[in-house]
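The residues making up each chain are set out below.
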Amino acid sequence: MPRLLTSIIPMATVIPLTDVRGAASAGARDAFLREAACMPAAEGSPLPLDARGRALHDLRISVTDRCNFRCVYCMPKDVYGRDFPFLPHAEILTFEEITRVANIFVGLGVQKIRLTGGEPLLRRRLERLVEMLASLGHIDLTLTTNGALLAKKARALRDAGLARVTVSLDALDDRTFRAMNDVDFPVARVLEGIDAAQAAGLAPLKINAVVKRGRNEHAIVPLARHFRGSGHIVRFIEYMDVGHTNGWRMDHVVPAREIVAMIDREFPLAPVDANYAGEVAQRWRYRDGGGEIGVIASVTQAFCRDCTRARLSTDGKLYTCLFADSGYDLRALLREPYSDAQIGNAVAAIWRRRADRYSEIRTAATPRESRVEMSYIGG
Ligand code: SF4
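Residues numbered from 1 in each chain as written. Predicted model: local features only at pLDDT ≥ 70, side-chain atom pairs only at ≥ 80, totals over all residues.

Colleague: Sorry if this is basic, but what is going on with the overall build of the protein here?
Modeller: Summing up its helical and strand segments, the protein has twelve helices and twelve strands in all. Considering only contacts in the protein between residues 6 or more positions apart, those separated by 24 or more positions represent 76%. (Helix = DSSP H or I, 4+ residues; strand = E, 2+ residues; numbered from the N terminus. Contact = placed C-beta atoms within 7 Å.)

This is the structure we're talking about:
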């Protein structure tokens with residue numbers, strides 16, 4: 001069981017001697033981590049703010065780097081073929097390690113945990129991990145899935161304590177959907193999964209659709225039409241330059257305002273206030289009461305200013321931005337005799353130095369070679 005974090009509190013701004021700003025080497029990051037872990041706790045708030053004044057509220061945990069789809073924008077087949085070296089089992093965090101580190105993050109202010117992948121439902125006995133995380137209490141526990149295994153798993157996940165799910169679904173017409181997942185998976189089975197999740201009480205469901213120019217912009221209005229009145233919220237996401245294997249170009253992006261205009265022509269929309277500060281999706285409601293949609297304008301209207309998300313990779317590296325090129329090896333601390341308080345010190349020190357705002361400063365010419373892939377870090 002996870003150890004309680006009371007020993008982390010109180011803490012304050014502690015500046016380790018090793019400066020890693022701009023340091024690319026894993027050695028420098030590792031030295032920073034260990035030094036920060038061993039600094040004495042000082043008086044002050046236990047809840048760190050980063051260099052831009054942003055709190056740490058959300059943790060996304062990737063539980064596997066594997067996926068049963070080969071979506072063209074995420075795990076293209078020519079890169080992730082049969083011989084791709086996915087992480088061996090010994091390198092991925094165990095459920096006990098994930099729960100321990102999640103508990104440490106909760107002590108630093110995290111209120112929402114999202115399980116991601118790869119495809120998280122491929123991780124064996126995932127419901128056991130859900131149960132362990134749910135026992136931490138008072139966190140909003142959710143999961144993003146491609147839906148392929150959801151019909152089979154929805155009830156067990158709900159019973160284990162999962163609150164909600166987000167299902168990735170980029171098109172409703174079978175031909176487009178099969179072409180996008182590139183493993184010929186039928187859309188009907190994802191829709192079955194969505195129905196099963198609703199029946200199990202994993203609501204409100206969110207449906208995430210990544211829109212790529214020339215690929216599936218024709219799917220926007222049918223998706224909106226299909227889920228109108230269902231209580232589910234479709235969120236249309238601008239195609240992003242995550243990783244470096246998806247061949248992203250700026251002209252692949254269908255801007256959020258264009259997406260809203262397309263839907264508004266058929267189903268008039270009105271803007272809705274955000275549920276909370278830092279919500280990534282801009283909300284719109286159907287004027288006739290048919291529910292709401294969201295658009296995530298991650299390219300054309302960056303929301304770094306309110307970004308409160310940290311990401312933990314399958315092998316326990318901490319990333320402070322989706323577009324980071326390197327992470328901090330928390331697994332090393334977890335597998336050595338560091339206490340929860342020390343690991344909490346290290347995470348707080350990393351967060352306090354965070355100044356990420358990639359989407360605000362991106363240009364079409366931004367280099368992408370060394371960036372971490374979404375299937376490894378979670379979206
Ligand atoms: S680019 Fe990085 S800092 Fe900006 S919103 Fe995305 S994850 Fe957050």
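Colleague: In this structure, what is going on with the site of the ligand? I would like to understand it.
Modeller: The full set of residues close to the ligand is Phe 303, Cys 304, Cys 307, Arg 309, Cys 321, Leu 322, Phe 323, Asp 356, Arg 357, Tyr 358 and Ser 359. Here the residues of the shell around the ligand sort into seven nonpolar, one polar and three charged. (Near = placed C-beta within 6 Å. Nonpolar A, V, L, I, M, F, W, Y, C, P; charged D, E, K, R; others polar.)

Colleague: How should the sheet that holds strand β4 (residues 164-168) be read in this particular structure?
Modeller: Pairing between the strands of a sheet comes from backbone hydrogen bonds, and it takes one of two forms, parallel or antiparallel. As summarised here, the arrangement of the twelve strands in space is β7-β8-β9-β6-β5-β4-β3-β2-β1-β10-β11-β12, forming an open sheet in which the pairing is mixed. Either end of the sheet is taken by a strand with one partner, and the two such strands are β7 (269-272) and β12 (328-329). Here strand β1 (residues 58-62) runs beside strand β10 (residues 309-312); their pairing, made up of four bridges, is parallel. Across the sheet, Asp 58 pairs through a bridge with Arg 309, a residue of β10. Against the sheet, helix α8 (residues 256-266) contacts β5 (206-211), β6 (233-238), β7, β8 (282-286) and β9 (292-296), and its axis sits at roughly 155° relative to β9. (Pairing = 2+ DSSP bridges. Axes fitted to C-alpha atoms, helices over the stretch in contact; angles between N-to-C directions.)

Colleague: Would you take a moment to explain helix α10 (residues 340-353) for this structure?
Modeller: Spacing of three or four residues puts side chains on the same side of an α-helix, whose turn is 3.6 residues. In a regular helix each residue adds 1.5 Å, so 14 residues correspond to 20 Å; α10 covers 20 Å between its end C-alpha atoms and thus fits that length. Most of α10 is tucked away: eleven of the 14 residues are buried. Of the residues making up α10, those classed as buried are Asp 340, Gln 342, Ile 343, Gly 344, Asn 345, Ala 346, Val 347, Ala 348, Ala 349, Ile 350 and Trp 351. In this structure, the buried side of α10 is in contact with α1 (26-38), α2 (95-107), β11 (317-319), β12 and α9 (330-334). (Expected span 1.5 Å × (residues − 1). Buried ≥ 20, exposed ≤ 12 C-beta atoms within 10 Å, placed from the backbone.)

Colleague: Just to check I follow, could you spell out the environment of Arg 128 for this structure?
Modeller: Among the secondary structure elements, Arg 128 is positioned in helix α3 (residues 126-134). Taking the C-alpha atoms as reference points, Arg 128 and Gly 161, separated by 33 residues in sequence, lie 9.7 Å from one another.

Colleague: I would appreciate a short explanation of the environment of Ala 31 in the present structure.
Modeller: When you line up the elements, Ala 31 lands in helix α1. Using a count of 16 C-beta atoms within 10 Å as the deciding quantity, one classes Ala 31 as partly exposed. For the pair Ala 31 and Tyr 328, spaced 297 residues apart in sequence, the C-alpha separation works out to 10.0 Å.

Colleague: Mind showing me how you'd approach the nonpolar core here?
Modeller: Generally speaking, soluble globular proteins have nonpolar side chains that are buried together. Ala 209, Val 211, Ala 346 and Val 347 are the most contacted members of the largest nonpolar core, which has 95 residues in total. With seven residues, α10 is the single largest residue contributor to this core. Beyond its immediate sequence surroundings of up to four residues, Val 211 is in contact with Asn 216, Glu 217, Ile 220, Phe 236, Ile 237, Glu 238, Tyr 239, Val 254 and Ile 259. (Core = buried A, V, L, I, M, F, W, Y, C linked by C-beta atoms within 7 Å.)

Colleague: How should I be thinking about the packing of α3 against helix α4 (residues 150-160) in this particular structure?
Modeller: When two helices pack together, their arrangement is given by the angle between their axes and by how far apart the axes lie. One way to put it is that α3 packs onto α4 with a least axis distance of 8 Å and a crossing angle of 20°. Considering their axes alone, α3 and α4 lie roughly parallel with respect to each other. By crossing handedness, the relation of α3 to α4 is classed as right-handed. Counting all contacts with α3, which are made through Glu 127, Val 130, Glu 131 and Ala 134, the residues of α4 involved are Ala 156, Leu 157 and Ala 160. For the contact of α3 with α4, a count of residues per class yields five nonpolar, no polar and two charged. (Parallel < 35°, antiparallel > 145°, perpendicular 65-115°, else oblique. Left-handed = near helix turned anticlockwise from the far one by under 90°.)

Colleague: Would you take a moment to explain the packing of α2 against α3 for this structure?
Modeller: Across the interface, α2 lies against α3 with an axial gap of 10 Å and an inter-helix angle of 25°. Put simply, α2 runs roughly parallel to α3. When you trace α2 past α3, the crossing you get is right-handed. Across the interface between the two elements, Phe 95, Ile 98, Thr 99 and Ala 102 from α2 touch Arg 128, Leu 129, Met 132 and Leu 133 from α3. By residue class, the composition of the contact of α2 with α3 is six nonpolar, one polar and one charged.

Colleague: Can you help me understand α1 in this one?
Modeller: With 13 residues, α1 ought to run about 18 Å at 1.5 Å a step, and its terminal C-alpha atoms sit 19 Å apart, in line with that. Buried residues of α1: Arg 29, Phe 32, Leu 33, Ala 36 and Ala 37, and no others. Axial view of α1: buried residues confined to an arc of 130°, hence all on one face. Counted as exposed and oriented over 90 degrees from the buried face of α1: Gly 27 and Cys 38. Taken together, the buried residues of α1 touch β12, α9 and α10. (Arc of directions from axis to C-beta.)

Colleague: What is the right way to look at the pairing of strand β3 (residues 140-145) in this model?
Modeller: For a regular strand, side chains alternate in direction, first toward one face of the sheet and then toward the other. As judged from the four bridges shared by strand β2 (residues 112-116) and β3, these two strands associate in the parallel manner. Paired with Leu 115 across the strands is Leu 143, a residue of β3. Where the polypeptide runs from β2 across α3 and back to β3, its parallel neighbour, the crossover connection is right-handed. Here four bridges tie β3 to β4, and the two strands are oriented parallel to one another. Among the inter-strand pairings, Thr 144 is bridged to a residue of β4, identified as Thr 166. (Right-handed = clockwise from strand over helix to strand, strands pointing away.)

None of this, on its own, says anything about what the molecule does.
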